Structure formats: structure tokens, C-alpha cells
Amino acid sequence: MSKQIAIRDAYGEALLELGKKNEKIVALEADVGASTKSILFGEVFPDRYFNVGISEFNMVAMAAGFAQEGFIPFVNTFAVFMTTRASDPIQSLIAYDKLNVKMAGTYAGLSDSYDGASHQAITDIAFVRSIPNMTVISVSDAVETKKAVEAIAEYDGPVYLRLSRAPAPVIFDENYDFQIGKGVELRTGKDVAIIATGTILHNALKAAELLEEEGIEATVINIHTIKPIDEEIIINAARLTGAVLTVEEHSIYGGLGSAVAEVLSQNYPTPVDFVGATTFAESGDYDELLEKYGYGARTIADKAKQLINRK
Amino acid sequence: MTKERKKELQDLCLKFRHDLIDILHSIQTGHPGGSLSCTEIVTTLYFEKMNIDPKDPQKEGRDRFILSKGHACPMLYLNLAERGFFPKEDLKHLRQTDSHLQGHPCFHKTPGVELSTGPLGMGLSAGLGMALGEKLKKTDAKIYVLLGDGEIQEGGIWEAAMAASKFKADNLIAILDYNGVQLDGTLEEIMPLGDVASKFESFGWNVLHCDGHDVESVSAAIDKAKESTDKPSMIIARTVKGKGISFMEGKNTWHGKPISDEEYKMAKAELGGGN
Ligand SMILES: Cc1ncc(C[n+]2csc(CCOP(=O)(O)OP(=O)(O)O)c2C)c(N)n1
Ligand SMILES: [Mg+2]
């Protein structure tokens, strides 16, 4: 298998690089800097690093103030605390006034596996996606993480960046052309389209290989920008395959799956099915949990086959 | 407290420390620092103070314990198992798939857990709700809430502090695990609390102090808190994060680090006695 790099390490390094290039970057942290890896920035730029202790609401509301001052604040904490504890400043300060704040929510999906359901983020996309003015990005490997950090710093406006804790296989190379709002087709096949976001994209690619062994040709699309979503790539995939399966480490209510279903129901009605969460998960080994909760490559492939029968 | 009783509780605490290190070493995940820090506090509550019945975990009018700093749950689980809420064999499955023992306390999975916690800063508010509920039900129940000192940086804690005072929740007894260390560093480095005793006093609380590693001192402070009228109580328990294992003591890096084989041997040798 290809090289594995933890998304959080890639993020921490990218933030540090950004800090070197742009003095307007400030980073805020809520006592999990060793986990989010914002500490890498903090060690080099102590004057532009604000660890507020365990006070996420305060941190995100402070970021609104920094943005009003013309800085580009990156706020860092677990995805689950960002979008629950700090939900109010995200919605009513940052998104409402389109403030230039970047919210990096780490340990998304089930990736904080041993800490259990209270630390796993399966509703964050649904929340941020439903807020007007928000851009929502969810990355799948280390290269994409680095490119996304650079791109969102360039973009003027509120962005939620969804990051995983786990080491993830590197899918893209340095020539990868990352553009906010543009999906990426990684495989083309006429029988079914699998549309995925985040590190679980890797299992979607493995599922496509399993399907290939059975003579089924799958298209695989990476949607890193969940909002604004790339409607064209989704509609084209539906036209080609007539069956669309979405895969995300998130509730099937309100996440990528819902976004894709919204696009298709309005533009090109197509049978859609969803791989994602319908329950809280639990503590355990990450790979074991992915299997148990239906994210394994075999489960994805089987779901794709059932979906083909609905065509 | 008699000398004999004190010795019994101290022995129990030592046994819990041993078991904690055994379990966390074997599963290579979990939070040693904050669990060691609250050993005497949790053990004194479960073996000396609380009116609870493991055979009837939902008994009306029972005392409640809320581990608001939920990451220290291995110490809670050790106490619950020793009191007979569930088999001790379950402990080795901590944090494993299909176990009822979650990485953070889970009310709907683990017998004896009174509230799901993990996201910090909500236990005091929920404890206040329980305290006022027990008052409406006219019971003598006390509600104990264990807070981390980093945890009380959360704004919600201070909302609860105001409300508990207004509603005269004198059956609410909060205990602060005052170890001076949070996740990214010491409280002085990350977010100083200032004069925490004065802060709670000015919020209208009955503030008490104890040595959080002396079962007799913890017990005496709880007795005083139980006598409070009209005011909620805050016991500021001086503690050491990682207490009992010198290389972990006072170190934020031991907040949630796996214990290597080498460190395991050193830790066990240092604890000595007991197991
Ligand atoms: C709302 C929230 N923010 C962040 C965390 C991550 N976290 C878990 S424990 C911890 C440090 C806790 O420090 P303290 O309260 O002092 O506990 P102790 O020293 O007793 O372990 C942090 C930041 C969390 N669990 N919940
Ligand atoms: Mg502490």
C-alpha cells in the first residue's frame, strides 16, 4: 500500500508554512494543540498563537474579532467541539457577516476511535453546510490537506476545514490541482458512481477494485468541497452510470449524501444510496469500527451492487 | 476516621493505581495523569461517603457522582467494579469494540454511571439539575461533581456557578481536582485561573479546601460540605496530576499517553506493595 501520513501532521506543517509566508495568519487553539498540531505554528510564531485554554466558544468568537482587524485567523480544536460548543459564533458572528475565519475541525468522523462517541464528529458537516455563506472542505490525504490549507487562506470568507486524526494513505501527488468547488474523478466506469469525501475515499477506491474483480465498472469521485458542491461532476456521473452511492464518515442526514441527493433530485433524478452513520458509534480500534459501522470496502462494494439492481 | 479505616482506603487506592497502570498499559490508550490525580477523591466517595446500592443502581434518593472530567473514567470504572456494579473482568475490555466501558463515561452503557461526560464543562450544570430535582423530590441525596481545573475554563461552568447560588443548591457538592495541569501545559502557561477560591466565594459558594491525596482530609471536607445550608459547596482539592508515579507527576505529556513496556515496569516497581 502507498505511504501513510496523518492528516493532522500534514495540517500542522501546512499551517506553519503558511505562517512563514503570510504575517496576517494567526492561530487560535483551545488546549488541544498537541492533538490538532497547531503547536507547530505556535512554537515558531508564539506572538501570533493564542491558546485560550478549554474555552472553544470564546476562541471562535475571538477569531471573529481578529478577522475584523484584518487578520486571517485559523481556529483549531476537535471537529465535535468546534461545531457544538462554538456553534453560535460560527453561525451568528462569522457566517452571518462573512468574516474571514478558517475553522479547522480535526478528529472528524470516527477517527478519534478509542475516545468514543462523545469525541467522534458525525454531525459537523450537516451543521456547517446548512449555514449560508459557509464554504465546507473535507480532505482525504496529506497532499490534499496541504493544498486545501493554501487555497482557503487565499479565499476571503468563512471556511470549515474537516480533518481526520488517522494516518491516511497518500492518494494524490504534488502535481495535484486542487480547486475549491471542483470535484475530482479518480476512476471512470459506467455501472455505478461512488462519490466520497475525506479519508474514507480510500475505502471507496478499494471497493471499486473489488467491484472490478466482479466485472462491475465503477466511477469514483472525490468531493473535497462539500459546499459549494460541484454539481456538474455529480450530474455527469449520474448520466453515465444511473446509480450513485455516497460515502462519508458522517451522518447520512445532512452531509455529503444529502448534498448529492439534493443536486440529483433537482437536476437529474437518479437512484442514490448512502454509506454513513445512522447511529452513534463507540470506543474501539479505528479499523474495527469502520468495519462494524459499515465503512469497509466490502460493505461499500455490496451496497453498490444492490444499488445497481435498483436501476 | 479510624487508623484502620484510613489504612483500608489507602490500600484500596494503591490497588486501584496498580490496576489502572495494568489496564492502560495493556490497551495502549487512555488517560493516566487525570485518573491518578483523582484516585483518593473518587475512592473516598465510593467507599466512604456515598449512599448507593449496586444491587439497585437506580434507587430513589441515592447520592449521585458525576465525573465531569470524563477522561478520568478508568478510575471511576475501577471503583464501580469494586463496588459490584459490574464484573471486574469487564475492565480489561476498556475502550475496546463491543465493551460497555467507553473511552468516556456512558450512562446508557455502563451500570453505575449517572451521566455521560467527555466534552468538558457540562457536568456542573447537569449536577445542578439533579440537585434541584432531588430537592423537589424532598430526598436527602447529595450530588457530587468532580471537575478538572482546566475544565473550569469553560464558560458554562460559571453559568452553573451563578445558577447554583441563586437556587440555593446546598445539596450540590463540587470537587475541584486542582492539579495545576491541563492538556497542552500547566494552567499557568495555558490559562491561569487566578484566585479560584475567591472566585467561587464571590459567586456565593461555600468554599472548602483539602489535600486531595489524603483520604481523611477529603472525607472531612465532604462532611463539612454536607452541613452547608443554602450555599452550594466547592471543595478545592490540592492534587498532583499523575500522582504516585514520579515520572508522570506534574507532566501534561502524561495526560493521554500510552505506557511503554519500559515505563510500565518502572511504574509498577515504584508503586510497590499492593498487587
Ligand atoms: C469541550 C472539550 N474541549 C476539549 C477537550 C479535550 N480535553 C480532554 S481532557 C483536557 C484537559 C483537561 O484538563 P483538566 O480539566 O485540568 O483535567 P485533569 O488535569 O484532571 O486531567 C482537554 C483539553 C474536551 N474533552 N472537551
Ligand atoms: Mg488539571
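(A) Structural context of the overall build of chain A. Per the secondary structure count, chain A includes 13 helices and 14 strands. Here the C-alpha atoms of chain A give a radius of gyration of 19 Å, agreeing with the 19 Å that 2.2 N^0.38 yields for 311 residues. Counting only C-alpha atoms and orienting by the principal axes, one finds that chain A spans roughly 60 × 40 × 35 Å. A fraction of 79% describes how many contacts in chain A between residues 6 or more apart in sequence connect residues 24 or more apart.

(B) Structural context of the coordination of the magnesium ion (ligand 2). Residues and elements named next belong to chain B. Looking at the metal site, the magnesium ion (ligand 2) is ligated by Asp149 (OD), Asn179 (OD1) and Val181 (O), spaced 2.1 to 2.2 Å from it. Sequence spacing of the donors to the magnesium ion (ligand 2): D-x29-N-x1-V. You can see Asp149 sitting in the loop between β2 (143-148) and α6 (155-166) and its partner Asn179 sitting in the loop between β3 (172-178) and α7 (187-190), a full 30 residues away along the chain. Accessibility expressed as a relative area gives 2% for Asp149, which makes it buried. Here Asn179 falls in the buried class, since its relative accessible area comes to 12%.

(C) Spatial organisation of the layout of surface pockets. Estimated volume of the second largest pocket: approximately 540 Å³. Contributing to the lining of the second largest pocket are 30 residues, with Ala117(A), Ser118(A), Phe280(A), Ser116(B) and Pro119(B) lying nearest its centre. The leading source of residues in the lining of the second largest pocket is helix α5 (residues 79-84) of chain A, at 4 residues. Looking at the lining of the second largest pocket residue by residue, the class counts come to 12 nonpolar, 13 polar and 5 charged. When residues of the lining of the second largest pocket are assigned to domains, at least three fall in each of domain 1 (4-169) and domain 2 (184-308) of chain A.

(D) Highlighting the packing of aromatic side chains. A full pass over the atoms with the stated rule returns 13 aromatic pairs over all chains. Relative to Tyr107(A), the ring of Phe78(A) has its centre 4.3 Å away and its plane inclined at 25°; by these criteria the two rings are stacked. Note that Phe78(A) is positioned in strand β4 (residues 72-78) and Tyr107(A) in the loop between β5 (102-106) and α7 (124-129), a separation of 29 residues in sequence. Note on accessibility: Phe78(A) and Tyr107(A) belong to one class, buried. Each ring, one from Phe16(B) and one from Phe47(B), has its centre 6.2 Å from the other, and the planes form 50°; the classification is tilted. With Phe16(B) in helix α1 (residues 3-27) and Phe47(B) in helix α3 (residues 39-49), the pair connects residues that are 31 residues apart, well separated along the chain. Accessibility expressed as a relative area gives 0% for Phe16(B), which makes it buried. Joined through ring pairs, the aromatic side chains of Trp158(B), Phe200(B), Phe203(B) and Trp205(B) make up one cluster. Sitting above the plane of the Phe71(A) ring, Lys24(A) keeps its charged end 5.1 Å from the centroid.

(E) Inspection of the site of ligand 1 at higher detail. Residues in contact with ligand 1 amount to 24 residues; listed here are only the nearest, Glu56(A), Lys69(B), His71(B), Asp149(B) and Lys241(B). Each of chains A and B places residues near ligand 1. Take Lys69(B): an N or O atom from its side chain is 2.7 Å from an oxygen atom of ligand 1. Between ligand 1 and Leu120(B), the relevant distance is 3.0 Å, taken from a nitrogen atom to a main-chain nitrogen or oxygen of the residue. When ligand 1 sits alone it has 590 Å² of accessible area, and the protein chains cover 99% of it.

(F) Just the domain arrangement of chain A, in detail. Residue and element names in this part refer to chain A. As assigned here, chain A comprises domain 1 (4-169) and domain 2 (184-308). Each of domain 1 and domain 2 has a C-alpha centre, and the two are 25 Å apart. Facing 34 residues of domain 1, the contacting portion of domain 2 comprises 36 residues. Surface buried jointly by domain 1 and domain 2 totals about 2,400 Å² across both partners, of which 58% is contributed by carbon and sulfur atoms. Three residues, Leu110, Ile122 and Arg129, lead the burial of domain 1 against domain 2; their summed loss comes to 30% of the area buried on that side. Across the domain 1-domain 2 interface, the total number found is 1 salt bridge. Residue Arg129 is joined to Glu262 by a salt bridge in which the shortest nitrogen-to-oxygen separation is 2.9 Å. At the boundary of domain 1 and domain 2, one finds 20 residue pairs in polar contact (both at pLDDT 80 or more). Breaking the side of domain 1 that touches domain 2 down by element, the ones donating at least two residues are α7, β6 (135-138) and β8 (167-169). For the side of domain 1 that touches domain 2, a count of residues per class yields 18 nonpolar, 11 polar and 5 charged.

(G) Looking closely at the pattern of salt bridges. Tallied over the entire structure, the rule returns 34 salt bridges over all chains. Note that Lys292(A) is salt-bridged to Glu282(A), the shortest N-O span being 2.6 Å. Taken together, the residues span a long stretch of sequence, with Lys292(A) in helix α12 (residues 286-292) and Glu282(A) in the loop between β14 (272-277) and α12 at a distance of 10 residues. A residue is classified by how much of its surface remains accessible, and Lys292(A), at 41% relative accessible area, is partly exposed. The class of Glu282(A) is buried, set by a relative accessible area of 2%. Across the pair Asp11(B) and Lys7(B) runs a salt bridge whose closest N-O atoms are separated by 2.9 Å.

(H) Main features of the packing of helix α4 (residues 56-68) of chain A against helix α6 (residues 87-95) of chain A. Residues and elements named next belong to chain A. Viewed as axis vectors pointing N to C, α4 and α6 meet at an angle of 10°, and their least axial separation amounts to 8 Å. Here α4 is positioned roughly parallel relative to α6, judged by the angle of their axes. The residues of α6 that touch α4, namely those facing Phe57, Val60, Ala61 and Ala64, are Asp88, Pro89, Ile90, Leu93 and Ile94. Among the residues forming the contact of α4 with α6, the class breakdown is 8 nonpolar, no polar and 1 charged.

(I) Quick peek at helix α4 (residues 73-82) of chain B. By the criterion of burial, α4(B) is predominantly enclosed, with 9 of the 10 residues buried. A positive phi of about 95° marks Gly84(B), the residue just after α4(B).

(J) Here's a closer look at the interface of chain B and chain A. Taken together, the 27 residues of chain B in the interface contact 25 residues of chain A. Between chain B and chain A, a total of about 1,900 Å² is buried, with carbon and sulfur atoms accounting for 44% of that surface. If you sort the residues of chain B by the area they bury against chain A, Thr97(B), Glu154(B) and Asp184(B) come out on top, with a joint share of 28%. Joining chain B to chain A, the criterion identifies 3 salt bridges. Across the salt bridge formed by Glu154(B) and Arg85(A), the nearest N and O atoms sit 3.3 Å from each other.

(K) Representation of the side chain of Ser258(A). All names here are of chain A. Checked against the element boundaries, Ser258 lands in helix α11 (residues 256-267). In terms of polar contacts, Ser258 uses its side chain to reach the backbone amide nitrogen of Gly254, at 2.6 Å. Discounting chain neighbours no more than four positions away, the residues touching Ser258 are Arg129, Ile252, Tyr253 and Phe274.

Parameters at a glance
Residue indices begin from 1 for each chain and proceed along its sequence in written order. Going through the entries in the order they are written, you letter the chains from A and number the ligands from 1. Local features are withheld for residues below a pLDDT of 70 in this predicted model, meaning they are given only at 70 or higher, and side-chain atom pairs are given and counted only at 80 or more; totals for whole chains, interfaces and linings count all residues. As a rule here, side-chain values cover all heavy atoms of the structure and leave hydrogens and water aside. Comment: elements are numbered from the N terminus, with helices defined as DSSP H or I runs of at least four residues and strands as E runs of at least two. For the radius of gyration, the atom set is restricted to C-alpha positions; the globular benchmark scales as 2.2 Å times the number of residues to the power 0.38. For this analysis, residues touch if any pair of their heavy atoms sits within 4.5 Å. Only nitrogen, oxygen and sulfur atoms count as donors, using a 2.8 Å cut-off from the metal that widens to 3.2 Å for Na, K and Ca. Water is left out, so coordination shells may look unfilled. Remark: exposure states derive from per-residue accessible area (1.4 Å probe, protein chains only) relative to the maximum for the residue type, with buried under 20%, exposed over 50%, and partly exposed in between. For cavity detection a 1 Å grid was placed over the protein atoms alone, and a set of points counts as a cavity when a 1.4 Å probe fits there but cannot get out; an open set counts as a pocket when protein lies on both sides within 12 Å along at least five of seven lines, with lining residues being those that have an atom within 4 Å of a point. Grid points are joined across faces, edges and corners, and a volume is the space filled by probe spheres set on the points. Note that Gly is not counted as nonpolar here; it falls among the polar residues with everything else outside the nonpolar set of Ala, Val, Leu, Ile, Met, Phe, Trp, Tyr, Cys and Pro and the charged set of Asp, Glu, Lys and Arg. All the domain ranges listed were derived from an automatic or database domain assignment. Working definition: rings of Phe, Tyr and Trp (its six-membered ring) pair if their centres are within 6.5 Å, and the pair is stacked with planes under 30 degrees apart, edge-to-face with planes over 60 apart, and tilted otherwise. Throughout this description, the term charge over a ring refers to an Arg CZ or Lys NZ atom that lies within 6 Å of the ring centre and within 35 degrees of the ring normal. Being near a molecule or strand, for a residue, means having at least one of its heavy atoms within 4 Å of it. For the purposes of these results, a polar contact is taken to be a pair of N or O atoms within 3.5 Å, where, inside protein, one atom must be able to donate a hydrogen and its partner to accept one; residues adjacent in sequence count only when each atom of the pair is a side-chain atom. Note on areas: these come from Shrake-Rupley sampling with a 1.4 Å probe, and a residue is covered only by the protein chains present in the view. When two parts are brought into contact, each loses some accessible area as probed by a 1.4 Å sphere; the total of that loss over both is the buried area. Salt bridge criterion: a side-chain nitrogen from Lys or Arg within 4 Å of a carboxyl oxygen from Asp or Glu. Helix axes are fitted to C-alpha atoms over the stretch in contact, other axes to C-alpha atoms as well, and angles between N-to-C directions run from 0 to 180 degrees. An angle counts as roughly parallel when it lies under 35 degrees, as roughly antiparallel when it exceeds 145, as roughly perpendicular when it falls between 65 and 115, and as oblique in every other case.

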